[in-house]
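Structural features, examined
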Amino acid sequence: MFCILAFIALSIISIFSASHRWLAKEAFDCVFRRITLRPCTTGFKEKMKAQLVGTLLSRSAIAARIVNRHFELLSWILFITTVASIFWTGKGLYNYYMYGSCNGLNKTGFCALDPKGENNKVSQTGGSCVDGAGDESKVTLTSVDLSLFPTVDKGVKDSVVFIGCYSCDYTRKAYPLIQKLISENQVNYTFAHYPIKEEMLYLLPIGYCAYNQDQNKYWRLNDKLFASSKEDIAKKEFVENILGNLGYDVSAINSCSQSPQTQAAVVAQRIELEKTNIYGTPLVFVNGKGLVGPKPYRVYERILKGFRFW
Amino acid sequence: MDITKIRHDFPVLSENGIYFDNACQSLRPQSVINAVTEYYQEYSACAGRSNHHLAAKVTQKCDEARTRIAKFLHAKRKEEIVFTRNTTEGINLVANTLNLKEGDVVLTSDKEHNSNLIPWQILHRKSGIIHRIVRSRDDNTFDMDAYKQALESGVKLVSLGMTSNLDGVTIPAAEIIKLAHQDGAVVLLDAAQAIPHQVIDVRKLDVDFLAFSGHKMLGPSGTGVLYGKYELLEKLSPFLVGGDTVSSSTYDSCEFLPPPEKFEAGLQDYAGIIGLGEAVSYLERIGFAQIQKQEYALNSYITEELQKIPNLVILGPSDPKERSGIISFYISGKDHHQIALMLDASTKIMVRSGQHCVHSWFADRKIPGSVRASVYFYNTLEEAELFVKELHKVLSIL
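Bear in mind the structure is a predicted one, so any value in this text is a computation, not a measurement.

Once that is clear, we can look at the overall build of chain B. A count of helical and extended segments in chain B gives 14 helices and 15 strands. Seen through its principal axes, chain B has C-alpha atoms that stretch 70 × 55 × 35 Å. Looking at the 398 residues of chain B, the share that counts as buried comes to 56%. The long-range fraction of contacts in chain B, counting pairs at least 24 apart against all pairs at least 6 apart in sequence, stands at 70%. Total accessible area computed for chain B in this model is approximately 16,600 Å², and 50% of it derives from carbon and sulfur atoms. Computing the positive centroid from 42 side-chain charges and the negative centroid from 49, chain B places the two 0 Å apart.

Laid out in structure tokens, this is it:
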């Protein structure tokens, strides 16, 4: 058992250290002999055991004695740990590549490849920006009426639904990636504004009215809002200025915003969005699969294209 | 002898732990290293072939080394010194050129290094010589009675290790040679383990051939010497042949040079030869009386301490005086390799473990192997104390 363990460990070390390659070769010889049902006669295990125990001996005689006595048991434990560790490392790498998190789709927890958890951070519905902490398995589009939201319907089967908040950092991080995704691929695209902060609530009726007044200009308005600073878009005058520059009838939008029908529509939109079980923004659905937090571009693209991605 | 001063001469000793593997290979003093380096840096040319000034210098330096070694061995003339790569080559040279025929008896002891065993086994298969073995006494010392008895059957060559690398026991060479000569036998001594530790006077011994290596006596590795009485060397047929072994050649014949040239085929290890000459000078400066005194002091201490360890068996006689600088031991139930490896891993104490190229002896006695600590004059009592202390620690966990 020790030979297999040593072979795995030394093979990895040998990638970086030439001086360990002959040991790895010796370990391989031992493993090969075992596989071919021959006894390992190289004395590799004894040699390594003596070196390990000897090195320990210079630090602690008790530890050396324990290792010497239970060498086989310790080898087994280390072997199982190594195999498990290799499995979990492989799984972690797979998950990171596929979902942007070592722990799986929308899963938080430490990931060495994303130590700060950037790919999973969300602006929580409570208002603060932290790691996603809701129940990521429950995010869904089932029974959500997307017709209530601004949509570019290209009549294709692929779809991207982007639920985010104009003033949230992680939505802002994901926005250009989603724009790239929808510009490079034929998809039906839906955007839903889900304000996390109170000062952004006023944009809900404005967005609703702007979309109804001119759908083409609405998408440019979206770009402008995401491109502007969070402080600026918190000011109504600033947004009105953008609307004006885009050629919108600002007074018509203002009066539309205050109409009871608009208020009811905005509430209806909110109710629909709650059905997604959203707990933070951004929440992106690519062909129905929910992704919480800003993921690397490859993750969106891979899910969108499926087998075509490879 | 100022050991602290001497230790400064050996660069390896400064930071490489405790070197107790001197029976395998000794360390080299700076003067030997310098001699070798000087050759490569200042006059790395051929000897004996070219006529330019560098070649002349190499020729002169090699000749000086040969003269120095001849004097060191108390040889009659420098031409009795043949440079070889090591002891093994020297023994093989004699084995293959002495013209041993079917039925000729070669006598060795039962604890010869493979270098002095395998050549005779091969000759037995190839030429039908008879290889006889004189068994040692129970304490591994030379059994003179058994030897005398073996001589009675008619022996052509007696080939013995002068000092055993197994246990450090030195044979009574002078008496052995005298008896062999009385019976008309030629004597070849493997002096690899003897020459670093004692004065060897080949004329007093009246030995016919004597082979040793440079690497055990402070010299460069890959160097060795075969001493042979000149009249015997003349009679030997050439072994390795080629460049510099002949004075002239035609397409179908050649004229061999006299000894030692006829045995020194091809370009020699000039740096090594010059380094070996320097090693001899160094040993002479220290003096064998001082060397033996220090070895005995260390061996006595280690032996005394090791004898206190239960089940520990020291190979050879219990008296350290009879074991040169070697303390070879085993403990039943404890793996010799484990002990050696752990000493190295824990405290960088370097000893040898295994069967020390004397597999035949271990196989005969059904002993798996031994740990061999071999000290030299540059080792200290503090090192010996640490060795004993660490050995106790290792044994306590095994």
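That covers the picture; the talk isn't over yet.
Now for a nonpolar patch on the surface. All names here are of chain A. On the surface, a cluster of nonpolar side chains totalling about 370 Å² of accessible area is made up of Ile12, Ile15 and Phe16. Relative to the helices and strands, Ile12 resides in helix H1 (residues 2-16). Taking relative accessible area as the criterion, Ile12 reaches 44% and is therefore assigned partly exposed.

On to the pairing of strand S5 (residues 157-161) of chain B, then. All names here are of chain B. Of all five residues in S5, five are buried; the element is thus mostly enclosed. Residue alternation in S5 divides its side chains into two sets, Leu157, Ser159 and Gly161 and Val158 and Leu160, and both sets are buried. In the sheet, S5 pairs with strand S6 (residues 186-190) via five bridges, with the strands oriented parallel. In the sheet register, Val158 faces S6, and the bridge partner there is Val187.

This part is about the packing of aromatic side chains. Here the structure, examined in full by the defined rule, presents 29 aromatic pairs over all chains. Relative to Phe32 of chain A, the ring of Phe28 of chain A lies with its centre 6.0 Å away and its plane at 25°, an arrangement referred to as stacked. A residue pair is termed a helical-turn pair when its members lie 3 or 4 positions apart in one helix, as Phe28 of chain A and Phe32 of chain A do in helix H2 (residues 21-35) at four residues. Phe28 of chain A sits in the partly exposed class, given a relative accessible area of 41%. Look at Tyr39 of chain B and Tyr40 of chain B: their rings are 5.0 Å apart centre to centre, the planes differ by 75°, and that puts the pair in the edge-to-face class. Overall, the relative accessible area of 52% leaves Tyr40 of chain B in the exposed class. A connected cluster of aromatic rings, assembled from ring pairs, spans Phe162, Tyr166, Tyr175, Phe191 and Phe226 of chain A.

Moving on, we get to the domain arrangement of chain B. Residue and element names in this part refer to chain B. The domain boundaries assigned to chain B delineate domain 1 (3-20 + 287-397) and domain 2 (31-285). On a C-alpha basis, the centres of domain 1 and domain 2 stand 28 Å from each other. Tallying the contact residues gives 31 residues for domain 1 and 33 residues for domain 2. Where domain 1 abuts domain 2, roughly 2,400 Å² becomes buried across the two surfaces, and 54% of that area is made up of carbon and sulfur atoms. The largest share of the area that domain 1 buries against domain 2 comes from Phe288, Trp361 and Tyr376, three residues that together contribute 23% of it. Remark: the boundary between domain 1 and domain 2 carries two salt bridges. Of the charged contacts in the structure, one is a salt bridge between Asp110 and Arg365, with a shortest N-O distance of 3.0 Å. At the surface where domain 1 touches domain 2, the tally comes to 14 residue pairs in polar contact (both at pLDDT 80 or more). Of all elements in the fold, only helix H11 (288-306), strand S12 (326-331) and helix H13 (359-365) reach the threshold of two or more residues within the side of domain 1 that touches domain 2. Of the residues belonging to the side of domain 1 that touches domain 2, the class tally is 16 nonpolar, eight polar and seven charged.

Moving on: the nonpolar core. The nonpolar side chains of a soluble globular protein tend to be buried, and buried together. Residue and element names in this part refer to chain B. Counting 71 residues, the largest nonpolar core has Leu73, Tyr147, Val158, Leu189 and Phe377 as its most contacted members. Per-element accounting of this core gives the leading share, 10 residues, to helix H10 (residues 270-286). Two domains each provide a minimum of three residues to this core, namely domain 1 (3-20 + 287-397) and domain 2 (31-285). Discounting residues that sit within four places of it in the chain, Leu73 has contacts with Ile81, Ile195, Ile200, Asp201, Val202, Leu210, Phe212 and Tyr227. By size, the runner-up hydrophobic cluster in this structure holds 45 residues, among which are Phe20, Leu298, Ile309 and Ile331.

We now examine the UniProt feature "domain: Aminotransferase class V" (unreviewed entry) in chain B. Cross-referencing UniProt, the feature "domain: Aminotransferase class V" (unreviewed entry) maps to residues 18-386 of chain B in the present numbering. As a span, residues 18-386 of chain B carries 39% helix and 17% strand, and end to end its C-alpha atoms are 9 Å apart.

So, on to the domain arrangement of chain A. Residues and elements named next belong to chain A. Here the domain parsing of chain A yields domain 1 (1-99) and domain 2 (121-305). If you look at the interface, domain 1 gives four residues, while domain 2 gives four residues. A per-residue breakdown of the area domain 1 buries against domain 2 is headed by Tyr97, Met98 and Tyr99, which together make up 86% of the total. On the surface where domain 1 and domain 2 come into contact, there are zero salt bridges. Joining domain 1 to domain 2, the criterion identifies three residue pairs in polar contact (both at pLDDT 80 or more). For the side of domain 1 that touches domain 2, a count of residues per class yields four nonpolar, no polar and no charged.

So, on to the side chain of Asp114 of chain A. Residues and elements named next belong to chain A. Structurally, the position occupied by Asp114 is in the loop between helix H5 (71-99) and strand S1 (121-124). Salt bridges are absent for the buried Asp114, whose nearest opposite-charge side chain, Lys173, sits at 6.7 Å. Only 3.0 Å separates the side chain of Asp114 from the backbone nitrogen of Glu118, close enough to count as a polar contact. If near-sequence neighbours (up to four positions away) are discounted, Asp114 is found in contact with Tyr96, Gly100, Asn119 and Asn120.

All names here are of chain A. If you trace the five strands from one edge of the open sheet to the other, you get S3-S5-S4-S7-S8, paired in mixed fashion. Since the sheet does not close on itself, it has two edges, and those belong to strand S3 (151-152) and strand S8 (289-292), each with one partner. Where strand S7 (residues 283-286) lies against S8, four bridges are found, and the strand directions are antiparallel. Paired with Val284 across the bridge in S8 is Leu291. On top of the sheet, helix H6 (residues 169-184) reaches strand S4 (159-164), strand S5 (188-193) and S7; it is set at about 160° to S4, its chief contact.

Attention now goes to the interface of chain A and chain B. Every contact between the two is made by 14 residues of chain A and, on the other side, 10 residues of chain B. For the pair chain A and chain B, the summed buried area comes to about 1,100 Å², and 65% of that belongs to carbon and sulfur atoms. Across the contact surface, chain A and chain B share zero salt bridges. The interface formed by chain A and chain B holds three residue pairs in polar contact (both at pLDDT 80 or more) in total. Within the residue set of the side of chain A that touches chain B, elements represented by two or more residues are helix H3 (44-57) and helix H4 (61-69) of chain A. Tallied by class, residues from the side of chain A that touches chain B come to five nonpolar, five polar and four charged.

Two faces belong to every sheet, and in a regular strand the side chains alternate between them. Residue and element names in this part refer to chain B. Within strand S8 (residues 224-228), five of the five residues are buried, which leaves it mostly tucked inside the rest of the structure. Here strand S7 (residues 209-213) pairs with S8 via five bridges, running antiparallel. Following the sheet pairing, Leu210 is matched in S8 by Tyr227.

Parameters and conventions
- Residues numbered from 1 in each chain as written.
- Chains lettered and ligands numbered in written order.
- Predicted model: local features only at pLDDT ≥ 70, side-chain atom pairs only at ≥ 80, totals over all residues.
- Heavy atoms only, no water.
- Helix = DSSP H or I, 4+ residues; strand = E, 2+ residues; numbered from the N terminus.
- Buried < 20%, exposed > 50% of the residue type's maximum accessible area, 1.4 Å probe, protein only.
- Contact = heavy atoms within 4.5 Å.
- Areas by Shrake-Rupley, 256 points an atom, 1.4 Å probe, with all protein chains shown as cover.
- Lys, Arg positive; Asp, Glu negative; His and termini not counted.
- Charge placed at Lys NZ, Arg CZ, Asp CG, Glu CD.
- Patch = residues over 30% accessible without salt bridge, like charges linked within 9 Å, V, L, I, M, F, W, Y side chains within 5 Å.
- Salt bridge = Lys/Arg side-chain N within 4 Å of Asp/Glu carboxyl O.
- Pairing = 2+ DSSP bridges.
- Phe/Tyr/Trp six-rings, centres within 6.5 Å; stacked < 30°, edge-to-face > 60°.
- Domains from an automatic or database assignment.
- Buried area = accessible area lost by both parts, 1.4 Å probe.
- Polar contact = N/O pair within 3.5 Å; in protein donor to acceptor, adjacent residues only side chain to side chain.
- Nonpolar A, V, L, I, M, F, W, Y, C, P; charged D, E, K, R; others polar.
- Core = buried A, V, L, I, M, F, W, Y, C linked by side-chain atoms within 4.5 Å.
- UniProt positions renumbered as here; feature names shortened; annotations may be inferred.
- Axes fitted to C-alpha atoms, helices over the stretch in contact; angles between N-to-C directions.

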